[in-house]
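# Structural overview
Residues per chain are reported as follows:
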Amino acid sequence: MAAQKRIETIMTSETWGRVRDVLREEVGQNNYRNWIEPLEFAELEDGVATFLVPTGFIGNWVERNFGDKILRHMLDAGARVSRLVFTVPNVARPKPAEAGSPPANATHVRAEKDDLPGAPLDPRFTFDSFVVGKPNQLAHAAARRVAEGGPVTFNPLFLYGGVGLGKTHLMHAIAHEIQARDPSLRVVYLSAEQFMYRFVQALREKQMMDFKHMFRSVDVLMVDDVQFIAGKDSTQEEFFHTFNALVDQNKQIIISGDRAPGEMKDVEDRIKSRLQSGLVVDLHPTDYELRLGILQTKAARYREQYPDLHIAEGVLEFLAHRISTNVRVLEGALMRLFAFASLVGQEITLEKAQDALSDILRASDRKVTVEEIQRKVAEHFNIRMSDMIGPKRQRSIARPRQMAMYLSKTLTTRSLPDIGRRFGGRDHTTVMHGVRRIEELKQSDTQLAEDLEMLRRALEA
Ligand SMILES: Nc1ncnc2c1ncn2[C@@H]1O[C@H](COP(=O)(O)OP(=O)(O)OP(=O)(O)O)[C@@H](O)[C@H]1O
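Residues numbered from 1 in each chain as written. Predicted model: local features only at pLDDT ≥ 70, side-chain atom pairs only at ≥ 80, totals over all residues. Heavy atoms only, no water.

Around the ligand, 19 residues are found, and the nearest of them are V131, G164, T168, H169 and E331. Between the ligand and K298 there is a distance of 3.3 Å, counted from a nitrogen atom to a side-chain nitrogen or oxygen. In the model, an oxygen atom of the ligand is placed 2.8 Å from a nitrogen or oxygen of the E331 side chain. Here the ligand has 640 Å² of accessible area as a free molecule, and 91% of this is covered by the chains. (Near = heavy atom within 4 Å. Polar contact = N/O pair within 3.5 Å; in protein donor to acceptor, adjacent residues only side chain to side chain. Areas by Shrake-Rupley, 256 points an atom, 1.4 Å probe, with all protein chains shown as cover.)

Quick look at the structure:
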């Protein structure tokens, strides 16, 4: 029974991931960020889907305004749900008399009052569970340094990068670590949107003094998705003052955004320059090795929980190749495979994986075409497009051509014969030979590996 519940919970959690995407389209970005994003699916039992919400207020609002929609989409997506429950996690908050001691279950950031400004921290987002690779090593190192405490050197630490690349994970990891090292520190993590929400609420309820006091008395302030304040002048103003007050007191600030401060639109210059005044590091798009590392780490965790489930060799490699959008999608795919394995009770072979994940694989099929690849590669190596598809065999032309074939095979869904046709009517065995040659060379020729990576990024941008 417990196993059944676990499976249903995994499946529903996966369904929830998809339903969220549908809701994002349906309710609009603002509503989505305010009300849907904070929901965390917890479990499914007897048809009751339980969601954790940061506050009772959000839970009530979501239930009243979005409950029906959520239920309808969950049912449409195949979840066996009959009712939704929104509940605030049971977190031990310090009673006034124990205000100096940490909460027993530190999934919330501690604050002085019940009216704590911080958002919940995800207990899974720790440094231990963060897989480090070339694209994120600098960001990881900077996050570690800040989390170790000591004299404040980078202030603020500004982390930026595309969707689902681990910004929030790293911020939570820093908060967990700081809190574990010194539970007396007041660490506040929240999204820029929540900051605005608090600010507007304080204005409305004429509690600006409390608001200012609360934010100026924290030891570490972490603001996620700062791009949200773009175009919101009074929030920016307040953010600026809070920021300055904390920097003046030598308190650590950590900010994340979807782009570098200098590239943010509708943000005042003085704020941009403040955001740039510490250390700015970016999380690059994942590369194949990092994706594989993440999949292997997460698969190992699943295996600890479900030792009977097997995924055939090569499946994780296949996923790492084919799903390059973001880590969240990668995780969803893996979770679905394990849920699938537990349902069918058989090893998940590559074929079954392709079947089970056909929608995800289709969605992550890049739109890039063989022609674009040929053009980009030709430009990069300064050769003519006609040589790319023509008969010349000298290495300065044949090698870029093979690289273009390799990229066509890995970045598009075209078959080998189809790729061959697009390379001047070559046979599929010629393409296969080219792809293999590049796979081999990638291991020994670092220049070639770098060129490939650069081209891949440019094509996927
Ligand atoms: N290097 C990594 N190792 C392990 N898990 C990762 C890594 N990078 C991202 N993840 C996982 O991917 C998911 C998405 O990451 P996260 O929410 O931190 O992304 P984000 O950059 O904040 O995205 P957004 O722009 O949507 O806010 C999380 O479940 C996170 O644990």
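We are not done yet, so read on.
Below, the discussion takes up the pattern of salt bridges. A complete count under the given rule lists 22 salt bridges for this structure. The shortest N-O distance in the salt bridge between E37 and R33 comes to 3.6 Å. For E37, a relative accessible area of 29% puts it in the partly exposed group. Here K251 makes a salt bridge to D219, at a shortest N to O gap of 3.1 Å. With K251 in the loop between α8 (233–248) and β7 (252–257) and D219 in the loop between α7 (208–216) and β6 (220–224), this pair connects stretches of sequence that are 32 residues apart. (Salt bridge = Lys/Arg side-chain N within 4 Å of Asp/Glu carboxyl O. Buried < 20%, exposed > 50% of the residue type's maximum accessible area, 1.4 Å probe, protein only. Helix = DSSP H or I, 4+ residues; strand = E, 2+ residues; numbered from the N terminus.)

Here the focus is a nonpolar patch on the surface. Judged by side-chain polarity, M11, L343 and V344 come together as a nonpolar surface patch covering roughly 230 Å² of accessible area. Among the secondary structure elements, L343 is positioned in helix α12 (residues 327–344). (Patch = residues over 30% accessible without salt bridge, like charges linked within 9 Å, V, L, I, M, F, W, Y side chains within 5 Å.)

Attention shifts here to the packing of helix α10 (residues 288–305) against helix α11 (residues 315–322). Running from amino to carboxyl end, α10 crosses α11 at an angle of 135 degrees, the nearest separation of the two axes being 9 Å. Here α10 is positioned oblique relative to α11, judged by the angle of their axes. Where α10 crosses over α11, the two elements pack in a sense that is right-handed. Judged by residue contacts, Y288, R291, L292, L295, Q296 and A299 of α10 engage L316, E317, L319, A320 and H321 from α11. Considered class by class, the residues forming the contact of α10 with α11 number 7 nonpolar, 2 polar and 2 charged. (Axes fitted to C-alpha atoms, helices over the stretch in contact; angles between N-to-C directions. Parallel < 35°, antiparallel > 145°, perpendicular 65-115°, else oblique. Left-handed = near helix turned anticlockwise from the far one by under 90°. Contact = heavy atoms within 4.5 Å. Nonpolar A, V, L, I, M, F, W, Y, C, P; charged D, E, K, R; others polar.)

The subject of this paragraph is unusual backbone geometry. Here the bond from N155 into P156 is cis, since omega is 0 degrees, no more than 30 degrees from zero. Relative to the elements of secondary structure, P156 occurs in the loop between α4 (137–147) and β4 (157–161). Of note in the backbone geometry, N382 takes a positive phi value of approximately 55 degrees without being a glycine. Take N382: it is sitting in the loop between α15 (370–381) and α16 (385–389). On the basis of relative accessibility, which here comes to 70%, the residue N382 falls in the exposed class.

For the rest of this paragraph, the subject is helix α3 (residues 56–76). Of all the bends in α3, the largest measures some 70 degrees and sits at F66. Three or more residues of α3 are buried, namely I58, G59, V62, F66, G67, I70, H73 and M74. In the segment just after α3, G78 is the residue with positive phi, at about 95 degrees. (Bend = angle between axes of the 7 residues up to and from the residue.)

Counting buried positions along strand β2 (residues 48–52) yields 4 of 5 residues, so the element is predominantly enclosed. Sheet analysis places strand β1 (residues 40–45) next to β2, joined by 5 bridges and oriented antiparallel. Paired with F41 across the bridge in β2 is F51. What sits between β1 and β2 in their antiparallel hairpin is a turn of 2 residues, with D46 showing a positive phi close to 50 degrees. (Pairing = 2+ DSSP bridges.)

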